[in-house]
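Observations on chain architecture
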Amino acid sequence: MSQKYGHLNDDGSEYIITTPRTPRPWINYLTNGDYSALCSHVGGGFSFYKDHRYHSILRRGAHVQLDDLPARLWYIKDEGNGDTWTANHHPIGVSDTFEARHGMGYTTIQSSANLIDAQARYFVPPNVDAELWTMTLTNKRDVPVSLSIYSLAEFVLGNVSLDQHESQIMALFNEVEEAKRTLILRKTWWHTQNGWAEVEGHWPKQVFLTTSQTPTRMLTDRNIFLGPFRGYHNPAALEPELLPDGPGSGKDLVGVYQWRIELAPGEFWSTQIAIGILPETEDAATSTTLLSLQDSAAYEDAWQQTTAYWHNLCSGLRIATPDPQINAMINWWNKLQVMVNFHFGRGPSYYHKGQYPAMRDSCQDAFGVMPLAPKLVRAKLLRIAGFFFADGAACGGCNRIDLPEDRSIKVDLPLWFVLVVLDYLRETGDLGILDELVPLMDGGESTVLEKMLAGVDRMIDERGPHGLPLIGQGDWNDAANAIGTEGRGESVWLAQFLYFVIQQFLPLLKDRKLAERVSTYSERAEEIREIVNASCWNGDWYVRAFKDDGSPVGVKGQAEGAIWINSQTWAVISDISPRARLEACLDSVEAHMGSAWGLTNLAPGFSKPDETIGLITRFRKGWKENAAVFSHASSFNVVARALLGRGSDAIDLFRRLLPLGKDPDLYCMEPYVYSQFVVGPDCPEEHGRGCYHWLTGTAAWMLRAMSDYIIGVRAEWDGIRIAPALDPAWPSVSMERTIRGSRYCFQIENPDGVESGVRTIELDGTPISGTLLPFPTAPTHGVKIIMGTPG
Ligand code: GLC
């Protein structure tokens, strides 16, 4: 693994970055699930509350992915000679030493220049909607020093897109109230546009900035701070001895503090800053949250709570394999990534700005969070259950801030909801959720179970000329959006997916004695299975879709798009075909779509726009859905490999997808989280480049691929299935996992070096027959599994 820019710490919970000059800003998300601060290794990044589009707090720069500005800035001026530089290295870029540590819920940055050591710490505590900054400066000189320290935060207050398009008009709506060491910031106009629906009013929030050390001066007008023809590298306001005066209301806003300090040799000074959000109804002047954050002791309490929160959350599932990179990803980073996706969807990153939290993604993220925090999943499922219509259709988005949403044009959404509710039921046994009443988008209400049934009912008869589900304007593959615009195109993947969802649903329907549904769904599933096998197999793989004119997409011999990944992977996951075909599907995928970094979405890529397939054909060849190594689809395939017992293959692909092993100068993205895709071999000049960091369903699927399918412990309807599929070179692995409140320790031994198969299982020292464990009967359980040929 390249150590050029950094490395993991010993237990894998921190990524230590040893130079500020990484190929791109490498960021962390500091979040309690509501307040979220993106923080790069040089302190860059923006923040928001719940929804980055409309409750934006710190400003997102238009080109943040390269310049990483604005940032959480600390200027240091030597009052003796006027030298000015920035702690965290960035942006003035002077430092003799540098080390950043991204950890679970926090980032620390050490830097030194001119014999002044600067130690920054940033985190978001679990119970306060604020980001907390600490800066400690130490005089390493052998003479006293006189310094000015300036901190800078830059504000949006509300709508991020309007801020980027119209910052100087939006400034007119800014209001500032200034007290001794506190700013209260408000916005008198707020505009949202979600789909076709608009909301207009004043921003229903207020932001505060406060500090533990009374500053010498404060300034809020960004234009005065920077001055004309200047930038963050040389702000005008640092030149005079004291920050100039300037009005705040009606101006483009920053919050700048200046402290004048004297430090004896070896002496240190520190201050804390909090930037937080309050409801508009709270009296900020007397807010206990705000006032408590003027005391440095509160920051230490909050720090303890933050580290405890993340360690506790991550402890829900822990693995120990012979591969330290896999352990670090699963035990720490994968979980942080999945939580970020779960809370905020695919919107707030250095590469995405305005995307909305989508239904399909939210369901899959919940699937990832399931083993860690099933209670959070329950709340989320009930919230997203509110985005359905009586006829079973779903909204595309499921925002968290009560904005109206529209009916989606994507056809697969309701099925993801059914799948994740079923996963929740198996994980927790909490059948009560099925009877919870939740409002419908078109009036009235229905239970969670009724919504699931309506979702499947709607799908089973919406079928085209072959009898396969209609693809409409897109299924999982958002960009294959023109295959069925005329209403006749069909999706083979969706057929497999529907078949799978029905198989998963049947045990519950039988339990609930819904005999009619059991028989209709079983009949339809059987019909679909027959059609998929009779009409969609082309010798070595499954067709992906049929266009409106009936012609197939994804057939052997086609010059472009001859094979698509999902209709092979999901043939296996749904178990829709005879074993020999499933094996052939996986072989074909590797043969046609394999690359050093994972699997491409399809092959060969499209080289020119095709109006009968859609947007996918317009992306640059080798990029995004057009034949990139698409991480999310590759992670589905890890599951498929493990399900067929190909342990070696599953782990091989798992490793290829790991960001940790990649050449950072080629890959560019963070080495500790998955990116949406890696440029594919159809773009040889950039093959291997990582794109769109952090926000991807890959996080959820890689976590579950490892725990449920590779280590192979998964809750089924009647118990816990043990079905490992391991690298034969691994002599043993273990996993600790909380299931239904009981702490399990699974120890798997592989004395014969097999890829799959279980010889014996002992539960608390007693042999059990078969591979299904009963659900827990005690607070702890020990399970010993010996792999091999069943005896
Ligand atoms: C993105 C979307 C996801 C979609 C995938 C393929 O990852 O977030 O919903 O399934 O692209 O188009």
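Anything mentioned here points back to the structure above.
Since we're looking at a predicted model, the values are computed, not measured. Every chain's residues receive numbers from 1 upward, in the order its sequence appears when written. Two thresholds apply to this predicted model, a pLDDT of at least 70 for residue-level local features and 80 or more for giving and counting side-chain atom pairs, whereas whole-chain, interface and lining totals are computed over all residues. To obtain the side-chain values, all non-hydrogen atoms of the structure were included, while hydrogens and water were left out.

Once that is clear, we can look at the environment of Val 543. Think of it this way: any DSSP run of H or I at least four residues long counts as a helix, any run of E at least two long counts as a strand, and we number them from the N terminus. Its location among the elements puts Val 543 in the loop between α12 (515-535) and β26 (545-546). In sequence terms Val 543 and Lys 556 are 13 residues apart; their C-alpha atoms lie 8.6 Å from each other. When near neighbours in sequence (up to four residues on either side) are disregarded, Val 543 contacts Val 492, Cys 536, Asn 538, Pro 552, Val 553, Gly 554, Val 555 and Ser 567. Only heavy atoms matter for contacts: two residues are in contact if any of them lie within 4.5 Å across the pair.

Our focus in this paragraph is helix α8 (residues 374-384). Within the span of α8, buried status applies to Val 377, Lys 380, Leu 381 and Ile 384. Buried positions in α8, seen along its axis, are confined to an arc of 100° and lie on one side of it. Of the surrounding elements, those touching the buried residues of α8 are α6 (324-344), α7 (359-369) and α9 (413-428). Buried residues are those whose accessible area, probed at 1.4 Å on protein chains only, stays under 20% of the maximum for their type, while exposed residues exceed 50% and partly exposed ones sit between those limits. Regarding the arc, it is the one traced by the directions from the helix axis to the C-beta atoms.

By convention in this text, a residue qualifies as near a molecule or strand provided that one of its non-hydrogen atoms is within 4 Å of it. If you check the shell around the ligand, you find Arg 346, Arg 360, Asp 361, Trp 476, Asn 477, Asp 478, Glu 625, Phe 630 and Gln 676 and nothing else. The definition of a polar contact used here is a pair of N or O atoms within 3.5 Å, where within protein one atom must be able to donate a hydrogen and the other to accept one, and adjacent residues in sequence count solely through side-chain atom pairs. Between the ligand and Arg 360, the relevant distance is 3.0 Å, taken from an oxygen atom to a side-chain nitrogen or oxygen of the residue. At a separation of 2.6 Å, an oxygen atom of the ligand approaches a polar side-chain atom of Asp 361. Only the protein chains shown count as covering a residue, and every accessible area follows the Shrake-Rupley method with a 1.4 Å probe. Within the complex, the protein chains bury 94% of what would otherwise be the 310 Å² of accessible surface of the ligand. Residue composition of the shell around the ligand, grouped by class: two nonpolar, two polar and five charged. Think of it as three bins: nonpolar holds Ala, Val, Leu, Ile, Met, Phe, Trp, Tyr, Cys and Pro, charged holds Asp, Glu, Lys and Arg, and polar takes everything else, Gly as well.

By the element assignment, His 352 lies in the loop between α6 and α7. Since its relative accessible area comes to 10%, His 352 is described here as buried.

Turning our attention to the nonpolar core. What we call a nonpolar core is a set of buried Ala, Val, Leu, Ile, Met, Phe, Trp, Tyr and Cys residues that are connected through their side-chain atoms within 4.5 Å. In this structure, Phe 155, Ile 275, Met 452 and Phe 505 are the most contacted members of the largest nonpolar core, which totals 223 residues. Looking at this core, the element that brings in the most residues is helix α11 (residues 492-511), giving 14 residues. Not counting residues within four places of it along the chain, the set of residues in contact with Met 452 comprises Phe 417, Val 418, Val 421, Leu 422, Leu 434, Phe 505 and Leu 508. Counting residues in each nonpolar core, the second largest holds 15 residues, with Leu 69, Ala 71, Phe 225 and Leu 226 among its members.

Let us now look at the pairing of strand β13 (residues 145-158). Of all 14 residues in β13, 14 are buried; the element is thus mostly enclosed. With two bridges joining them, strand β6 (residues 56-58) and β13 adopt antiparallel strand pairing. Looking at β13, one finds that Ser 56 is bridged to Gly 158. As defined by bridge partners, strand β7 (residues 73-78) adjoins β13 across six bridges and the pair is classed as antiparallel. Bridge pairing in β13 links Tyr 75 to Tyr 150. Two strands are counted as paired when DSSP detects at least two bridges linking them. Relative to strand β20 (residues 253-263), β13 is paired through 10 bridges, and the arrangement is antiparallel. Residue pairing for β20: Leu 152 is matched across the bridge by Val 256.

So, on to unusual backbone geometry. The linkage connecting His 90 with the following residue, Pro 91, adopts the cis geometry, with an omega of 0°. Turning to its location among the elements, Pro 91 is positioned in the loop between β8 (84-86) and β9 (97-103). Between Ala 603 and Pro 604 the backbone carries a cis peptide bond, its omega angle lying at -20°. Relative to the helices and strands, Pro 604 is located in the loop between β31 (602-603) and β32 (629-630). Unusually for a residue other than glycine, Asp 764 sits at a positive phi of about 50°. Mapped onto the fold, Asp 764 is located in the loop between β39 (758-763) and β40 (766-768). When its relative accessible area of 45% is taken as the criterion, Asp 764 is described as partly exposed.

In summary, the pairing rule links any two rings of Phe, Tyr or Trp, Trp by its six-membered ring, whose centres are within 6.5 Å, and it sorts them by plane angle into stacked for under 30 degrees, edge-to-face for over 60 and tilted for everything else. A full pass over the atoms with the stated rule returns 41 aromatic pairs. Centroid distance Phe 123 to Trp 303: 5.2 Å. Interplanar angle 70°. Geometry classified as edge-to-face. Note that Phe 123 is positioned in strand β11 (residues 116-123) and Trp 303 in helix α5 (residues 296-314), a separation of 180 residues in sequence. The burial state of Phe 123 is the same as that of Trp 303; both residues are buried. The rings of Phe 367, Trp 416, Trp 476, Trp 493, Phe 497, Phe 500, Trp 570, Phe 630, Phe 636 and Trp 701 are connected pair by pair, giving a single aromatic cluster. A ring is considered to have a charge above it if a Lys NZ or an Arg CZ atom is located within 6 Å of its centre and within 35 degrees of its normal. Over the aromatic face of Trp 303 sits the side chain of Arg 121, whose NZ or CZ is 4.6 Å from the ring centroid. Its end group placed over the ring of Tyr 667, Lys 662 keeps NZ or CZ at 5.3 Å from the ring centre.

Let us look at the environment of Tyr 672. Mapped onto the elements, Tyr 672 comes out in the loop between α17 (664-667) and β33 (675-678). The exposure class assigned to Tyr 672 is buried, which follows from its relative accessible area of 0%. Measuring from C-alpha to C-alpha, the distance between Tyr 672 and His 7 comes to 9.4 Å, with 665 residues separating the pair along the chain. Setting aside residues up to four positions removed in sequence, Tyr 672 forms contacts with Tyr 15, Trp 26, Ile 27, His 102, Met 329, Trp 333, Pro 659 and Trp 694. At 2.9 Å, the side chain of Tyr 672 and the backbone oxygen of Ile 27 are in polar contact.

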